[in-house]
2 protein chains.
Amino acid sequence: MTTKELLIKAKNAKSRLSSVSVEQIDNALCAMADALILNTDKILAENAKDIEKSRGTLSEVMIDRLSLSADRIKGMANGVRDVAKLPCPVGKVIKKIVREDGLVIEKTSVALGVVAIIYESRPNVTSDAAALAIKSGNVCVLRCGKEAHNSAAAIVDALQSGLEKAGLCKDFVLLVEDTTRESANEIMTADGYVDLLIPRGGKGLISACVNNATVPCIQTGTGICHIYVDESADIEMALNIVENAKTSRPSVCNAEEVLVVNKNIAKDFLPKLKERLVDSRCENPVELRLDEFAQKIIDGTPAKDEDFDTEFLDYILAVKVVDNVEKAIEHINAHSTGHSEAIITENSSSADKFTRSIDSSAVYVNASTRFTDGGEFGLGCEMGISTQKLHARGPMGLEELNTYKYIIKGTGQVR
Amino acid sequence: MTTKELLIKAKNAKSRLSSVSVEQIDNALCAMADALILNTDKILAENAKDIEKSRGTLSEVMIDRLSLSADRIKGMANGVRDVAKLPCPVGKVIKKIVREDGLVIEKTSVALGVVAIIYESRPNVTSDAAALAIKSGNVCVLRCGKEAHNSAAAIVDALQSGLEKAGLCKDFVLLVEDTTRESANEIMTADGYVDLLIPRGGKGLISACVNNATVPCIQTGTGICHIYVDESADIEMALNIVENAKTSRPSVCNAEEVLVVNKNIAKDFLPKLKERLVDSRCENPVELRLDEFAQKIIDGTPAKDEDFDTEFLDYILAVKVVDNVEKAIEHINAHSTGHSEAIITENSSSADKFTRSIDSSAVYVNASTRFTDGGEFGLGCEMGISTQKLHARGPMGLEELNTYKYIIKGTGQVR
């Protein structure tokens, strides 16, 4: 099937999906989860092919990301079941106006239509994205990177068999066969066919989508997250939060990349920071990349300008010393990707200034940036984290995969 | 001032505006309204220059759109005062989650930052757009067409003097001096400076913005609105609604352009339609452009294919006959611009099918499409009507000029 044919199929499936009841969708999601378990052997066999192909070309970390096991497939199935349990976002009356002339205006949440996801080598994205799209009433078009394509095809086969078992159309989840750049470009420019494109992957993929897409696209993921340690910070709290945000999982987008420190606390704080992040860590000590001021206080790598604009995704932390909270805000708004930033302070006026002026999706006071996540924010799930301001900002759950329309019922009213 | 310098000014003004209180903003809006009245003579003198320049090149209708009078300026001032009375959308806690670990997560509405409006020759857009942007906490960058530039400059001078009188920064409203295409392109690609671009004007302007903008942009305005008269329609109601939607103000985007009629009612309905829209109208009879089936029943212009994809904005109505509601939905979803569509029916199952399946911002049952308007929908005002699905759909009021951020307050929580 060509990508064009697949997009036509997806468009045609939209109206069929819009007449399926919530119960049918939830049943189908459970059947899809069962089908994943049932097809474990087949999925693992296809996954083995992907891994075999990638040996030598992909790093060990990437191979690990690509690898499935019976347990991981079980995890994927449980993920799909969890989505089935979430409330359905479609059809909610967001606002209702009854006019004096009797016209009833209901602002009602509706599915977007066709949601396309372009992703890289994590096979579990296949079932995650499909479940979220279907639960929110959307047809799902998946375009997986070539490294994981055999795995994704086996997973989609299983999901489709689940849909059919539940009496629904298997075209509600479609996998693009072509894994060349051509198919990605076709999806990005499929005006009238794709209602929302979500890129999930590295910086290169995301900027290719944002720059080339003519279909509506949401910029996700890249996180150059900052933590600012204010003059009045509780030092022990600051050390705990900085260590957690930097080291608990450095490869994720809500990890800290830049530490900003108030000048008046730097002499006291920085040596303790070095002790905590470098000297006392047997495994994975953090490389500190220091600005000139910090270099006078502790040892570390001298920071280059680009270190303050880099998503390291590694045990590396850029450190900058500033005069006050205003200078911290200025630096962060100039260098952040709009994802998550935190201030550590006991001063409520600094906290207010920071939360009001920082232009990011999540702004923390005295907590780790690592909480920016659909699950942690109570959305129950997550399709990605938007770093743009229109439509959705921050973690995208089911509601963010909907739009609304006004449904107006009258008895002949004219204007 | 170059456009680049102006954009830098706007960006710098953002944080100043974010610390202004609701009361200060409302006071400033009132001072801006007063300043419009105070400067009536100056504005009229500049407007006279615009009109003088345009004689011979612009049509009478366009000259009328461009023309101001003391009364029209009073209307503009009242518009600004009305916006001051609306509730402030900024700072609302949309959702609040208190986690078991004590972390408090507040999803809070915030201004977008800098809202740019590129518009054509209607001088009143200047004060409308400025008032809406400021009330919603946004700095306003205006780029007016060259025909109305003298008028716009005089209006912005007045608005800025009002801002200053109220003790606020005059950079909250800025008018781009350059009226060449160059300045429009600069705004469309001012990444990092413009948080939202709204084009207000004709199809050419809107598609230029949508196609060339790299900044976030909302597609507004174009309306190929359909009314479907179902088999079970109340004929008298259908005639009233079609006449109203077509003729009450044909130049606006919520006017009807295409009439879709059920085959089983066509023989009865179409002659009455012709009587109502053509024969009995002394002024402005409607030109009916008929598909083949309709031509067999009444006289009219044979419709060409493109008549079903044209926003006439005139006393012209394309007429298509279809077999049933499903075929009507199919035609409309294929040809509509996603603005407003209506069904006239006494059959609730047809009505349900129509409202569920039509993929437009406003879907009506038994009412005129002319109601799609911020004021009529209870938003109190309107910055334009979005025909896209992301962020805002349908009339955009103050809330639609906001985004949100998550503000998270903790006591040292880590993950």
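Below, the structure is looked at part by part. (Residues numbered from 1 in each chain as written. Chains lettered and ligands numbered in written order. Predicted model: local features only at pLDDT ≥ 70, side-chain atom pairs only at ≥ 80, totals over all residues. Heavy atoms only, no water.)

### Considering the packing of aromatic side chains
Heads up, the condition is: Working definition: a ring pair exists when centres of Phe, Tyr or Trp rings (six-membered ring for Trp) sit within 6.5 Å. Plane angles under 30 degrees give stacked, over 60 give edge-to-face, the rest tilted. What counts as a helix is a DSSP run of H or I of at least four residues, what counts as a strand is a run of E of at least two, and both are numbered from the N terminus. Residue burial is assigned from relative accessible area. The probe radius is 1.4 Å, only protein chains are included, and a residue is buried under 20% of its type maximum, exposed over 50%, and partly exposed in between. Both a distance and an angle decide whether a charge sits over a ring: NZ of Lys or CZ of Arg must be within 6 Å of the ring centre and within 35 degrees of the ring normal.
Tallying each qualifying case throughout the model produces six aromatic pairs over all chains. Between Y406 of chain A and F377 of chain B, the aromatic rings sit 4.7 Å apart at their centres with planes inclined by 50°, giving tilted as the arrangement. Here Y406 of chain A is found in strand β16 (residues 402-413), whereas its partner F377 of chain B is found in the loop between β13 (362-367) and β14 (385-386) on a different chain. Given a relative accessible area of 1%, Y406 of chain A falls into the buried group. Between Y228 of chain B and F354 of chain B, the aromatic rings sit 6.4 Å apart at their centres with planes inclined by 20°, giving stacked as the arrangement. Highlighted residues: Y228 of chain B in strand β7 (residues 225-229) and F354 of chain B in helix α14 (residues 348-357), separated in sequence by 126 residues. We note that Y228 of chain B, like F354 of chain B, is buried. Joined through ring pairs, the aromatic side chains of F377 of chain A together with Y404 and Y406 of chain B make up one cluster. Of note, K11 of chain A hangs over the ring of Y193 of chain A, and the distance from its end group to the ring centre comes to 5.0 Å.

### Some details on the side chain of H339 of chain A
Residue and element names in this part refer to chain A. As a reminder, the rule being used: The term polar contact refers here to a pair of N or O atoms within 3.5 Å; inside protein, the definition further demands a hydrogen-donor-capable atom paired with an acceptor-capable atom, and it admits residues adjacent in sequence only when both atoms are side-chain atoms. Only heavy atoms enter the contact rule, under which two residues are in contact if any of them lie within 4.5 Å.
With respect to the element layout, H339 can be found in the loop between α13 (325-335) and β12 (340-344). A distance of 2.8 Å separates polar atoms of two side chains, one belonging to H339 and the other to S340. For H339, the contacting residues outside a window of four places in its chain are G221, T222, G223, C225, C253, N254, S360, S361, A362, T372, I385 and T387.

### Considerations on the pattern of salt bridges
Quick note on the threshold: Salt bridges are defined by distance alone: a side-chain nitrogen of Lys or Arg within 4 Å of a carboxyl oxygen of Asp or Glu.
This structure, assessed with the given rule, holds 59 salt bridges over all chains. A salt bridge links K49 of chain B to E46 of chain B; the nearest nitrogen and oxygen atoms lie 3.0 Å apart. Here K49 of chain B and its partner E46 of chain B are both found in helix α3 (residues 40-54), three residues apart, which amounts to about one turn of the helix. A salt bridge links K353 of chain B to E326 of chain B, with the nearest nitrogen and oxygen atoms 2.7 Å apart. Of the two residues, K353 of chain B is situated in helix α14 and E326 of chain B in helix α13 (residues 325-335); the sequence distance between them amounts to 27 residues. You can call K353 of chain B partly exposed: its relative accessible area is 29%. In this structure, a network of salt bridges that share partners links the residues K14 and D195 of chain A together with D359, K389 and R393 of chain B.

### Regarding the interface of chain B and chain A
A common measure of how large an interface is: the accessible area buried when the components associate. Heads up, the condition is: A quick way to say it: buried area is the sum, across both parts, of accessible area lost when two parts are put together, with a 1.4 Å probe. Two strands are counted as paired when DSSP detects at least two bridges linking them.
Between chain B and chain A, the residue contacts involve 65 residues of the former and 65 residues of the latter. Both sides together, the interface formed by chain B and chain A hides about 5,300 Å², and carbon and sulfur atoms give 51% of it. Put simply, chain B and chain A have twelve salt bridges between them. If you look at where chain B meets chain A, you find 39 residue pairs in polar contact (both at pLDDT 80 or more). Mapped by element, the contributors of at least two residues to the side of chain B that touches chain A are α1 (3-18), β1 (93-98), β2 (104-111), α10 (235-247), α14, β13 and β16 (402-413) of chain B. Looking at the side of chain B that touches chain A element by element, the count peaks at eleven residues for β16 of chain B. With five bridges joining them, β16 of chain A and β13 of chain B adopt parallel strand pairing. Looking at the pairing, Y406 of chain A lines up with A362 of chain B of β13 of chain B.

### Some details on the sheet that holds β12 of chain A
Adjacent strands of a sheet form backbone hydrogen bonds with each other and so pair up, either parallel or antiparallel. Cut-off, in case you're wondering: All axes here are fitted lines through C-alpha atoms, helices being fitted over the stretch that makes contact, and every angle between N-to-C directions spans 0 to 180 degrees.
Pairing in this open sheet of ten strands is mixed, and the strands run β10(A)-β9(A)-β11(A)-β8(A)-β7(A)-β12(A)-β13(A)-β16(B)-β2(B)-β1(B) from one edge to the other. Only two strands of the sheet have a single partner each, and these edge strands are β10 (301-302) of chain A together with β1 of chain B. Where strand β8 (residues 256-262) of chain A meets strand β11 (residues 316-322) of chain A, five bridges bridge the pair, whose relative direction is parallel. Across the sheet, N262 of chain A pairs through a bridge with V322 of chain A, a residue of β11 of chain A. This element, α13 of chain A, spans β7 (225-229), β8, β11 and β12 of chain A of the sheet and lies at about 175° to β7 of chain A.

### Points about the environment of A28 of chain B
Residue and element names in this part refer to chain B. Structurally, A28 is set in helix α2 (residues 22-38). With a relative accessible area of 0%, A28 lands in the buried category. A28 sits 83 residues away from A111 along the chain, and the two C-alpha atoms are 17 Å apart. Here A28 is in contact with L163, A166 and L168, once residues within four sequence places are set aside.

### Description of unusual backbone geometry
Residue and element names in this part refer to chain B. Of note, the phi angle at N284 is positive, near 50°, even though the residue is not glycine. Its identity as a non-glycine residue notwithstanding, N366 has a phi of 55°, on the positive side. Mapped onto the elements of the fold, N366 is located in strand β13.

### So, the environment of S340 of chain B
All names here are of chain B. Looking at the secondary structure, you find S340 in strand β12 (residues 340-344). Given a relative accessible area of 0%, S340 falls into the buried group. In contact with S340, other than residues within four places in its own chain, are C225, H226, A362, Y364, T369 and T372. Side-chain polar atoms of S340 contact the side chain of T372, separated by 2.7 Å.

### Observations concerning the packing of helix α6 (residues 124-135) of chain A against helix α7 (residues 149-165) of chain A
Residues and elements named next belong to chain A. Quick note on the threshold: For a crossing to be left-handed, the near helix must be turned anticlockwise from the far one by less than a right angle; the clockwise case is right-handed. As a working rule, the residues Ala, Val, Leu, Ile, Met, Phe, Trp, Tyr, Cys and Pro are called nonpolar, Asp, Glu, Lys and Arg charged, and the rest polar, with Gly in that last group.
As a packed pair, α6 and α7 sit with axes 10 Å apart at the nearest point and diverge in direction by 35°. At the point where α6 passes α7, the crossing takes the right-handed sense. Residue-level contacts link T126, S127, A130 and I134 of α6 to A152, I155, V156, L159 and L163 of α7. For the contact of α6 with α7, the class distribution of residues is seven nonpolar, two polar and no charged.

All we've got here are geometric facts, nothing functional implied.
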